[in-house]
Amino acid sequence: MMPVDWGVGRYESTADTLVAASEVAVAAADIRPGVRVLDIGCGTGNATLLAAKSGADVIGVDPSPRLLDVARDRARAAGLSIDLRQGSAAQIPVDDASVDIALSVFAVIFAPDPVAAVADIARVLTPSGRFVMTAWLPDGAFGEVTRMSGGIVRAALGLPDPPAPFAWFEQQAVRELFAPYGFTSTTTVHQLAFMASSPDEAYDMGVENPIAVTQREALARAGHGDDVVERIRTEGIEILRRHNDDPVACRVTSNYAVHVADRHSRRESWWARGDLNPHVR
């Protein structure tokens, strides 16, 4: 996949459709007042704000300065104090063993180097830390649209197919990735519904997603006209039409995995015993 600048376009529109998944992830994290929480790839701050509302001390990290500004404005409007920093999953700008809980809602799945990302996540978590992440299952309509558009763009640009991405959606793959750092993980599968008045509108709601914008910009730089973009749109709408389960409008459901990885020592920690958080004085 070509590198994506997540600050281009209007990721805000996409983020709005993912709030329910952020709520599921934050609930799985079991956040208590005073714990130290890190939101990796925080974007516009969906999970960051939810964690702060739970009484946690929260740091949000994202590679996009623009999205950090959006999250900062949202936090200010909500009267919440959140520490927002620029960084990536493999280069998290926080100290070793300084985080009780790390979250990532459809963010770490885009890390170029999954091994490096997990190593840094393990570095920043305490010996009794927890990591909660979400990952799309590949059978959903929007995953199919993304694969279709990527294939058309690569063919137009004369680019080879990329290596198969890491299977973040597979329980065993994630379990094996975290095991060397003393984690055990559990996985549950959830559904997220996207609704619009029609498949056409559903597709057009995503045209300012940073991935779509990056693809269009690459095509334009290579001198391709609107015909390639229109072909992607036509095929994308047809995919959404096939997956639509609303006879009069559009309702497309995508499945996603929620992985919860706990360090082994967590079982004997203050958290498991139900003691007061030692970070709260």
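Please read all numbers here as calculations on a predicted model, not as lab measurements.

Draft legend 1. Here's a closer look at the overall build of the protein chain. Within the protein chain one finds 11 helices and 7 strands. Taken against the 2.2 N^0.38 rule, which gives 19 Å for 281 residues, the C-alpha radius of gyration of the protein chain at 19 Å falls within 12% of a compact globule. Taking the principal axes of its C-alpha atoms as reference, the protein chain extends roughly 60 × 40 × 35 Å. By the burial criterion, 48% of the 281 residues in the protein chain qualify as buried. Counted over contacts in the protein chain with a minimum sequence separation of 6, partners at least 24 positions apart contribute 80%. Surface summary for the protein chain: the accessible area is close to 13200 Å², and the carbon and sulfur share equals 54%.

Draft legend 2. Geometry of the pattern of salt bridges. Considering all chains together, one arrives at 18 salt bridges under this definition. With a shortest N-O distance of 2.8 Å, arginine 66 and glutamate 12 are connected by a salt bridge. Here arginine 66, found in helix α4 (residues 65-78), pairs with glutamate 12, found in helix α1 (residues 11-16); they are 54 residues apart in sequence, far enough to count as distant. For arginine 66, a relative accessible area of 29% puts it in the partly exposed group.

Draft legend 3. Geometry of the sheet that holds strand β6 (residues 183-196). In spatial order, the strands read β3-β2-β1-β4-β5-β7-β6; together these 7 strands make up an open sheet with mixed pairing. Lying at the two open borders of the sheet, with one neighbouring strand each, are β3 (83-86) and β6. Across the sheet, the mean angle from the axis of one strand to that of its neighbour is 20°, orientation sign disregarded. Alignment of strand β1 (residues 36-40) against strand β4 (residues 99-105), held across 3 bridges, turns out to be parallel. Looking at β4, one finds that leucine 38 is bridged to alanine 102.

Draft legend 4. Summary view of the side chain of aspartate 262. When you line up the elements, aspartate 262 lands in strand β7 (residues 250-263). A relative accessible area of 16% means that aspartate 262 is categorised as buried. A polar contact is formed between the side chain of aspartate 262 and the side chain of arginine 130, at a distance of 2.7 Å. Residues contacting aspartate 262, with those up to four places away along its chain left out, are Gly129, Arg130, Gly182, Phe183 and Thr184.

The rules behind the values
- Residues numbered from 1 in each chain as written.
- Predicted model: local features only at pLDDT ≥ 70, side-chain atom pairs only at ≥ 80, totals over all residues.
- Heavy atoms only, no water.
- Helix = DSSP H or I, 4+ residues; strand = E, 2+ residues; numbered from the N terminus.
- Rg over C-alpha atoms; globule rule 2.2 N^0.38 Å.
- Buried < 20%, exposed > 50% of the residue type's maximum accessible area, 1.4 Å probe, protein only.
- Contact = heavy atoms within 4.5 Å.
- Areas by Shrake-Rupley, 256 points an atom, 1.4 Å probe, with all protein chains shown as cover.
- Salt bridge = Lys/Arg side-chain N within 4 Å of Asp/Glu carboxyl O.
- Pairing = 2+ DSSP bridges.
- Axes fitted to C-alpha atoms, helices over the stretch in contact; angles between N-to-C directions.
- Polar contact = N/O pair within 3.5 Å; in protein donor to acceptor, adjacent residues only side chain to side chain.

Nothing here speaks to function; it is geometry throughout.
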